[in-house]
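Here are the chains, one letter per residue:
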Amino acid sequence: MGIKGYSNKTRRYRLQSRRFSCLSAKVFQEKDIPIQVAIGNYDLGICGLDWVEELLARYPASALVKISSLNYGEGGVYAVASYQAGISNLDGLLAKRYNWRIVSEYPNLAQVFALNLRMKAFKIFPVWGAAEVYPPDSADLAILWARNENEIKEQSLVPLMKLLPVTAFLIANRESLENKDLSQILSCFSNAIASRNNVVTSPSKVIARSEATKQSHWQAKEIKLALPDGHQQLPTAQFLKRVGLNIQGYTEEVLNRRPSSDLDWLGIKVIRPQDMPLQVANGNFDLAITGKDWLLEHLYRFPSSPVKELLDLGFGMVKIVAAVSQDMPITDVADLRSLIQSGKLTLLRVASEYVNIADKYLRDNYINPYKVIPTWGASEVFLPEDADLLIDNTQTGETLAQHDLKVIAVLFESTACLIGNKDSLDFPGKKERIEFLMQTLRRGLS
Amino acid sequence: MESKKCKGMRDLLPEDMVRFRHIEDAFRNCCGKYGYQEVRTPTLEYLHLFTAAGTLTPSMLGKVYSFLDWNGWSGERVVLRPDGTIPVARLYINNLSEHEIAKLFYVTNIFAFEETGRENRERWQCGAEFLGGTKLAADAEIISLAKEVVHKLALANIRLQLSHAGLVKALIKELKLGPGKEAKVTSRVLDGDWQALMEAKSTRPELDRLLSLLLSLKGKSSGFLQNTKALCQQVSSDFKSSMEDFINITTLLDSLSCNYEIDITAIRGFEYYTGICFQLLADKEKIGGGGRYDDLIPFMSGKNIPACGFALYIDPIMKLLPLVGSKEGTESRILIKGEESTLEIVRTCFTLAQSLREAKRTVEIAFTEREPSNYRWVIAVTKKPSPFVLIDRQQKQRRDVASAAEILNILGR
């Protein structure tokens, strides 16, 4: 299709076709693609069928047309349990009637699954990732993507049911398909689909292996700690090393989702930092190391949550900022308010991973009307075409500048912090352990 | 930005509210005469109340408005009430379960997503529930009460259709389809797709004959059910007892001269029903329905008591009603109009209005120069020594009046 510069190493988000002058493309986080196509911001999109079905499960009348599988990225969405839960199939699952905890990146598909099985009572915990690490102790079931059943079994999990076969899919906006001539572009896809031999299969995704043998010890651990993966992993691992906490399986090179430490009373799991406050609130963990941004995001949504900050760890500082396109004639939030009040901007579209922080910021600054578009990463790509304002974190401001964005306000600074559940602190036996850990972590503060 | 109401939501304007209250008043009045007591349940309930097995179908649950509450970090979702009966059953279990019988009624809104936004997503219903009591008599009472309300509303061409959830469920079991297929057929039937039963042929000719009879004919008396029973002898005890129950109720209704039509396909979404089910239609418009749901309260961890109930759907009934005038007709409406907007005259207007209202008259004060025509009486308040001019617009008469007492005297003639 003549699109250059699209590879897994590129940081370019806007691409132009050399072959078709009418074709330009934008790179999004995969989960955002079906939504963007459904609302008509894009005529065509390519993403996994899992994210398409996740949208359609909740909004079946979305203006989204599934055109064709692209025959790569094969896998499936599975319902899985842990071997240790003693469930080997769906009948076994249904025989046990109690309040099921289901963890998933696909909360809508998870709900359909639970309703179709007529589960009497269930709770769905949407997570940003690492769903496989939750069962059996932090959830009874996970709904997750895997390449195949063997991949699930290798993680000490039991595949109970394949909810959906998944491949990469070409999708289109219904109205675009009905009204626009997309034939030249679609015929490129048709040719590629017809000649399957030309399709390059993506390399195997490296999945972190869980150590099955250690799962059974989880419940015996007096204190349960969540450590972050992703960008926060390296600075957190370095900090823990500096304070003398020897953790095996959690370094720059190695990620074991269930690392171990020398403290035999400490259970550790590595999960997404975004998911930590909720997991600490519902008692799956006593402590977690996450960012203040995600703690605030949680507390704005659940003001009476039992989660609180125990210790500011000082590292991993980012600023949470409001940014707009360089072309927008404003320098601060007062200008933004005036722009909307003057009627030049009828509805402010705000892209953010921090939906609740964005909502509060806009409310507090009397910005109205607005709508928040929840994003799942790479939010800066939304501006200026698909959003007017960005609420995002930035370390140096370089990425914002690269995308021709300017900061109009710094909402707050966020550093890594230790969060805990107030109830755990009141629990006899836990309090001393938590204080010991806090004392240890204090050694790393400059 | 344009101020618009949410898609699928509806404003009720004054004329709509007159119709609404007319239905509500008729319903409340009938329920009161039958000894039912009014209750009101909260708009928010926990989702698990409705996911509990056997309460709502997956397709209905897929359309609820559910979300996490402000303290919902534990994952416990709440819903905008999607059904009227289940919250009342919960209310009974929580508060009234020591009563052997509870006869309750409610007027409430229920919420269910509807894809196009052209239909209402918030719907109103009047419902009555009979918890406890002997089954046969309670079934007859519920049907009789529903019919009485409809009769009081003077709706034309009312039809009562009867079915039996226990009989339908037993019939599906009788087909011996195996667990997977049986669940699929049940789901389709619950969603109103009766073709599923026609397609699911059994290996027994007598059962196919029975199915064909029940699906294609509409009985008008208990005799139809007796005939059907006679044609099918080799059936399960569940089927037999459901049929017996159905026959007993229809026989009772026959003796009460209650006209009905037996149509087993006249029900849908009857997941929690166990016995007789009925539907009321005005021409082809469904205006209400109900039935027996003996398993619901035990399913919800309450005690094992039988129950039945019905709901009338206010929205379609409103469309069928002519505009009913308010009780206070044009002939008695009074308008007080100040000659000037001075403090003294406005004060006099208010004092006079108060005196007349205390005498149970409906009185309005004029706030504009324009004088709407739908008042029989207009009282002009002036600065003259005799401060009021009473105008009878029907008789086209004017007279000076000195006091509120004199006005009341004239109005009372």
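Residues numbered from 1 in each chain as written. Chains lettered and ligands numbered in written order. Predicted model: local features only at pLDDT ≥ 70, side-chain atom pairs only at ≥ 80, totals over all residues. Heavy atoms only, no water.

Visitor: A description of the sheet that holds strand β9 (residues 276-282) of chain B should follow, citing residues and the corresponding values.
Guide: Residue and element names in this part refer to chain B. The 8 strands are arranged β1-β5-β6-β11-β10-β9-β7-β8 in an open sheet whose pairing can be described as mixed. The sheet is open, and its two edges are formed by β1 (37-38) and β8 (261-262), each paired on a single side. As paired strands, strand β7 (residues 158-164) and β9 are joined by 7 bridges and run antiparallel to one another. The residue of β9 that forms the bridge with serine 163 is cysteine 277. Across the sheet, helix α11 (residues 237-255) is in contact with β7, β8 and β9; its angle to β7 comes to roughly 155 degrees. (Pairing = 2+ DSSP bridges. Helix = DSSP H or I, 4+ residues; strand = E, 2+ residues; numbered from the N terminus. Contact = heavy atoms within 4.5 Å. Axes fitted to C-alpha atoms, helices over the stretch in contact; angles between N-to-C directions.)

Visitor: Before we move on, could you go through the pairing of strand β18 (residues 348-352) of chain A and cite the residues and values that matter?
Guide: Residues and elements named next belong to chain A. A large share of β18 lies buried, amounting to 4 of its 5 residues. In this structure, β18 lies alongside strand β19 (residues 370-374), joined through 5 bridges in parallel fashion. If you follow leucine 348 over to β19, its bridge partner there is tyrosine 370. What joins β18 to β19 is helix α13 (residues 355-364), and the crossover it makes is right-handed. Pairing analysis gives 3 bridges linking β18 to strand β20 (residues 389-394), with the strands arranged parallel. (Buried < 20%, exposed > 50% of the residue type's maximum accessible area, 1.4 Å probe, protein only. Right-handed = clockwise from strand over helix to strand, strands pointing away.)

Visitor: Could you give an account of the pattern of salt bridges, naming the residues involved and the relevant values?
Guide: Residue and element names in this part refer to chain B. Applying the stated criterion across every chain, the model contains 37 salt bridges over all chains. The residue arginine 28 makes a salt bridge to glutamate 38 at a minimum N-O spacing of 2.3 Å. Of the two residues, arginine 28 is situated in helix α1 (residues 14-33) and glutamate 38 in strand β1; the sequence distance between them amounts to 10 residues. On the basis of relative accessibility, which here comes to 31%, the residue glutamate 38 falls in the partly exposed class. Between lysine 229 and glutamate 244 there is a salt bridge, with its nearest N and O atoms 3.0 Å apart. (Salt bridge = Lys/Arg side-chain N within 4 Å of Asp/Glu carboxyl O.)

Visitor: Report on the sheet that holds strand β15 (residues 388-392) of chain B, specifying residues and quantitative values.
Guide: All names here are of chain B. Taken together, the 5 strands give an open sheet; going across it, the order is β13-β12-β14-β15-β16, and neighbouring strands pair in mixed fashion. Only two strands of the sheet have a single partner each, and these edge strands are β13 (363-365) and β16 (397-401). Across this sheet, the average inter-strand angle for adjacent strands is 20 degrees, counted without regard to direction. Direction of pairing for β15 relative to β16: antiparallel, over a ladder of 5 bridges. Paired with phenylalanine 388 across the bridge in β16 is valine 401. Against the sheet, helix α15 (residues 404-411) makes contact with β12 (334-338), β14 (377-381), β15 and β16, and its axis sits at roughly 150 degrees relative to β16, the strand it touches most.

Visitor: With reference to specific residues and values, describe the domain arrangement of chain A.
Guide: All names here are of chain A. Domain annotation of chain A identifies domain 1 (14-71 + 167-198), domain 2 (75-165), domain 3 (213-316 + 416-442) and domain 4 (318-413). Computed from C-alpha coordinates alone, the two centres of domain 1 and domain 2 are separated by 29 Å. The partner domain 2 presents 10 residues to the 9 residues of domain 1 that form the contact. Buried surface at the junction of domain 1 and domain 2, both sides included, amounts to about 830 Å², of which 56% is carbon and sulfur. Ranking the residues of domain 1 by area buried against domain 2 places Asp50, Trp51 and Glu54 at the top, with a combined share of 53%. Scanning the region where domain 1 abuts domain 2 turns up 4 residue pairs in polar contact (both at pLDDT 80 or more). Looking at the side of domain 1 that touches domain 2 residue by residue, the classes come out as 3 nonpolar, 1 polar and 5 charged. (Domains from an automatic or database assignment. Buried area = accessible area lost by both parts, 1.4 Å probe. Polar contact = N/O pair within 3.5 Å; in protein donor to acceptor, adjacent residues only side chain to side chain. Nonpolar A, V, L, I, M, F, W, Y, C, P; charged D, E, K, R; others polar.)

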